[in-house]
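The primary structure of each chain is shown beneath.
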Amino acid sequence: MSSIYNEAAEWITDNWTGTDDLAWRNRIVDAGYGVPSWAPENFGRGYTRDQAREVLRAFDDARVPGGARDVAPFSEVSWLLLPGAALTDYGTAEQKERLLRPMITREWDLGCLLYSEPGAGSDLASIQTTAELSGDGENYILNGQKVWTTNGHRATFAILIARTNWDVPKHAGISLFIVPMQQDGVEVVPIRQMTGDSEFNEVFLTDAVVPAANLIGGEGNGWKVLQSALGAERRGMGEMAQVGRDTVESGENGSPASSPLFTRSDDLVEAARAADRLDDPVIVDEIMKIHTWRLTNDWTQARAKMENRSRGASPLASLGKLANSRILHGASDLEYRLLGTRGLQYDKEGDPDAYRTSYDMMMGFFNSVGGGTDQIQRNIISERVLGLPRGAQPDKGVPFRDVRKAVNRSLSGEK
Ligand SMILES: Cc1cc2nc3c(=O)[nH]c(=O)nc-3n(C[C@H](O)[C@H](O)[C@H](O)COP(=O)(O)OP(=O)(O)OC[C@H]3O[C@@H](n4cnc5c(N)ncnc54)[C@H](O)[C@@H]3O)c2cc1C
């Protein structure tokens, strides 16, 4: 075992109280073990991600919760890593202590993203939700409508982007806030998805209040601050294919137990075996093709993380996210074909395997749409990696007030 592992293990032995409460979680954060790969000024130890994983392993081996949340599976900690990126890049020391610490300790146990609006998805800079400074300068008052808000019904806080200036071009008039969700001015209405779940919502803001002290990076800088959160989201989504279903729940803190090699590709082997097609060279070829995509994407993700030191969204993260779409759709497509006519069923009790395959197939579109669509990732890659010319920008330089805009309408018909 490495010295990092041993040091963490020793610290756990000396400090674990046996109770997973706020005092314990603050103690972890004070020691830099809550997010060890973050810089010391951001509650970390400045470790590499591999070193942070050793810390996670030490916590897992000791069966002690709360350590190394920075390297836990992205699907479980996205609500920490996204605001975490914005706050570590642009938050003041006071904001980090007041807003970031409770996210790491899970005092604020879940966040959501109030970005998209009915008229602003791919063209996110066209948001119309407005934040107006109150007369006493203490608060901003929020009015508008958000949509597709994952976990909005359960979240304690949100990252919100809103328009603070209508008289400058669209990107320049946006500000970013950390907003408390539990308040009268925030109404959350669930949306039913094609899977049958209701994980995302419409959110209506009517004179909702956010302290001016929760403005991150200054007024009008929200687009720039948002890039840090979006970069973290794309990197995380790009790496989700590396962690298979079986490994996600493996450790106390969720550390993957096996290498990426034996995650979802293993599922494909199992699916081929169950369909009695493991000796079919065409099927074997397909499995290896998807597996190769996965391994190549692992390397792309590793490169994206090496770049992670600088602020903002890396085009490499877009490459990884796009590649993950291909992996998810390719794997689901193959599993679906192996099921044959059973794939027509969507019956959790009657045929759980067929249900899971159909469910995964539908959820694969999460990666292709959420966090910026595949087409938008291609635009980013073409412009920022390949240096191709940008598409037409009819609203460039035009004050947002004068730009033609979509009219927001509720999906649920509640409003
Ligand atoms: C599962 C899931 C979870 C989500 N969670 C959240 C969340 O928590 N918070 C949040 O704010 N949002 C969330 N979203 C919303 C998501 O970010 C948007 O759906 C996405 O950005 C696309 O916006 P849109 O739906 O308005 O589609 P549109 O922007 O209307 O796009 C429609 C189609 O046109 C294409 N298109 C648009 N512009 C271009 C262009 N310039 N070049 C080429 N093609 C283009 C798109 O690729 C797409 O195929 C979530 C979405 C999903 C699917």
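This report concerns the structure included in the present document. Quick caveat: nothing in here was measured; it's all calculated off a predicted structure.

## With respect to the overall build of the protein chain
Stage number 1. Of regular secondary structure, the protein chain possesses 12 helices and eight strands.
Stage number 2. Partitioning the contacts of the protein chain with sequence separation of at least 6, the portion at a separation of at least 24 is 68%.

## Concerning the environment of H153
Stage number 1. The residue H153 is located in the loop between β3 (139–150) and β4 (157–163) in this model.
Stage number 2. Sequence-wise, H153 and Q182 are 29 residues apart; in three dimensions their C-alpha atoms are separated by 9.8 Å.
Stage number 3. Setting aside residues no more than four positions away along its own chain, H153 makes contact with V188, P190 and N201.

## Describing the nonpolar core
Stage number 1. Residues A158, I159 and F177 are the most contacted members of the largest nonpolar core, which totals 68 residues.
Stage number 2. In terms of residue count, the dominant contributor to this core is helix α4 (residues 74–90) (10 residues).
Stage number 3. Split by domain, the residues of this core number at least three in each of domain 1 (3–104) and domain 2 (111–220).
Stage number 4. In contact with A158, other than residues within four places in its own chain, are G111, C112, L113, L114, V179 and M181.
Stage number 5. Membership of the second largest hydrophobic core comes to 15 residues, among which are A317, L319, L328 and L338.

## Digging into the pairing of strand β2 (residues 130–133)
Stage number 1. In this structure, β2 lies alongside β3, joined through four bridges in antiparallel fashion. If you follow E132 over to β3, its bridge partner there is I141.
Stage number 2. Linking β2 to β3, which pair antiparallel, is a turn of five residues; within it G137 sits at a positive phi near 75 degrees.

## Comments concerning the pairing of strand β7 (residues 200–211)
Stage number 1. Both β3 and β7 contribute to a ladder of 10 bridges, which runs antiparallel. Bridge pairing links G144 to L205 in β7.
Stage number 2. Pairing analysis gives five bridges linking strand β6 (residues 186–190) to β7, with the strands arranged antiparallel. Across the sheet, V189 pairs through a bridge with E202, a residue of β7.

Analysis parameters
- Residues numbered from 1 in each chain as written.
- Predicted model: local features only at pLDDT ≥ 70, side-chain atom pairs only at ≥ 80, totals over all residues.
- Helix = DSSP H or I, 4+ residues; strand = E, 2+ residues; numbered from the N terminus.
- Contact = placed C-beta atoms within 7 Å.
- Core = buried A, V, L, I, M, F, W, Y, C linked by C-beta atoms within 7 Å.
- Buried ≥ 20, exposed ≤ 12 C-beta atoms within 10 Å, placed from the backbone.
- Domains from an automatic or database assignment.
- Pairing = 2+ DSSP bridges.

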